[in-house]
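Tertiary structure, described
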Amino acid sequence: MNTLRELGEFVGIPQDSGEYGAPIPPIGLRLVSKLLAPVSTAEQRASMRAMISLIPTLPPVGLEAQLLSPGSGKEPYVVDIRVSSTTALVISTRVCPILSGQEFPGSQNYGSKEGSYSTTLAPGQWDLLVKRAGISAAGYTKLSKSFRVTVVRDEPLPPQSRPHIKVDHEGPANATRFVVTGSGFLLNQAAEGQYAITVRIVNRPNVQDWLMIRTGSDADGKIHLETDALDMGSLPRNAADQAILNFSATDKRKDPNSTPANEPLWSNTTTFTWTPSNGFNA
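Below, the structure is looked at part by part. Here the residue numbering is sequential within each chain, running from 1 through the sequence in written order. With pLDDT at 70 or above as the cut-off, local features in this predicted model cover only qualifying residues; side-chain atom pairs require 80 or more to be listed or tallied, and sums for whole chains, interfaces and linings still use all residues. Think of the side-chain values as coming from all heavy atoms in the structure, minus any hydrogens and water.

1. A few points about the sheet that holds strand β1 (residues 65-67)
This is how it is decided: Being paired, for any two strands, means DSSP has found at least two bridges between them. The helix and strand labels rest on DSSP assignments: H or I over at least four residues marks a helix, E over at least two residues marks a strand, and numbering proceeds from the N terminus. In this analysis, axes come from line fits to C-alpha atoms, helices being fitted only over the stretch in contact, and the angle between any two N-to-C directions falls in the range 0 to 180 degrees.
Overall, antiparallel pairing links the three strands, which are arranged β1-β3-β6 in an open sheet. The two strands at the open ends of the sheet, each matched to only one other strand, are β1 and β6 (115-121). Neighbour-to-neighbour, the strand axes of this sheet turn through a mean angle of 20 degrees, independent of strand direction. Across three bridges, β1 lies against strand β3 (residues 77-83) in antiparallel orientation. Paired with L67 across the bridge in β3 is I81.

2. Some thoughts on the nonpolar core
The following threshold applies: We call a set of buried Ala, Val, Leu, Ile, Met, Phe, Trp, Tyr and Cys residues a nonpolar core when their side-chain atoms join them within 4.5 Å. The cut-offs for exposure are 20% and 50% of the maximum accessible area for each residue type, with area from a 1.4 Å probe on protein chains only; residues under the lower value are buried, those over the upper are exposed, and the others partly exposed. Contact definition: two residues touch when any of their heavy atoms are within 4.5 Å.
Counting 18 residues, the largest nonpolar core has I165, V167, F178, V180, I223, L245 and F247 as the members making the most contacts within it. Secondary structure elements with two or more residues in this core: β9 (164-170), β10 (177-183), β11 (197-203), β13 (223-226), β14 (243-255) and β16 (270-275). Discounting residues that sit within four places of it in the chain, I223 has contacts with I165, V180, T181, G182, F185, I197, V199, T215, G216 and S217. The next biggest cluster of nonpolar side chains, apart from the first, holds 17 residues, and it includes V79, L99, Y110 and F147.

3. Notes on the pattern of salt bridges
Where we set the bar: Between Lys or Arg on one side and Asp or Glu on the other, a salt bridge is scored when a side-chain nitrogen of the former is within 4 Å of a carboxyl oxygen of the latter.
Taken as a whole and assessed by the stated rule, the structure comprises seven salt bridges. For R5, the salt bridge goes to E9, with nearest N and O atoms at 3.9 Å. Of this pair, R5 and E9 both sit in helix α1 (residues 4-10), four residues apart, which is roughly one turn of the helix.

4. Focus: the packing of aromatic side chains
Where we set the bar: Only centres within 6.5 Å qualify two rings of Phe, Tyr or Trp (six-membered ring in Trp) as a pair; their planes then separate them into stacked at under 30 degrees, edge-to-face at over 60, and tilted for everything else.
By the definition in use, this model includes six aromatic pairs. Judged by centre distance (5.0 Å) and plane angle (45 degrees), the ring pair of F178 and F247 falls under tilted. Placement of F178 in strand β10 and of F247 in strand β14 is noted, with a sequence separation of 69 residues between them. When its relative accessible area of 2% is taken as the criterion, F178 is described as buried. Among the aromatic residues, those joined into a ring-pair cluster are F178, F247, F272 and F280.

Below you can see the structure in the form of structure tokens.
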């Protein structure tokens, strides 16, 4: 290496216009000295021979980067990449996201310093390319490391099949028993404990007046419950002189599509209306 052109080509000036701008600037002592500034003195940068002598002392250019986030996930997915620092002479270090061959705007230039890159990715299969350019004793060096990340859409869960109940009544108005039967519940649930099936009876004229009764399910997910005798005439009635009872049931399952999410997965609601003059109207 005896000429300024040879020195410039060795440190990569004509090879990487993306690092220096386009068109490629002419090789000059000022640009070469600017590249070597982090590892040289002012006196060395003033002399082409001094800079040529400096080249063999430059350490190798390496690249260490880690993907800290999972390799796949649902949107909104935040990718996190950590780039380690180095003592080598680095011109640029950038992280560039690529989707289906299209490169999107990347990170800032971290140079030789430690960098933390974080961004939100849309659904798709991404390649996160960490690119580093530097100068070592072997000359201009380009390194890269790629991480593949798959992001899927956060589709709402399909609605669960709700259990279904049927309610019958028997006996006179002053001693009415209700028989609750149903299907589609979790199988073989005990009648007591945290996994019992819960039957809810709500007095509509006064929604604060409700009753929860526990029962079990059989091997087919069916339930059968008979209530104690109830005097319908003792229930609160609305302005139309109606006593209204709502029946529904649930097991331990949650409804991910409820508002708010994960409310109990209730069955259908069966309603009975009773008036002193007309009796039941279900």
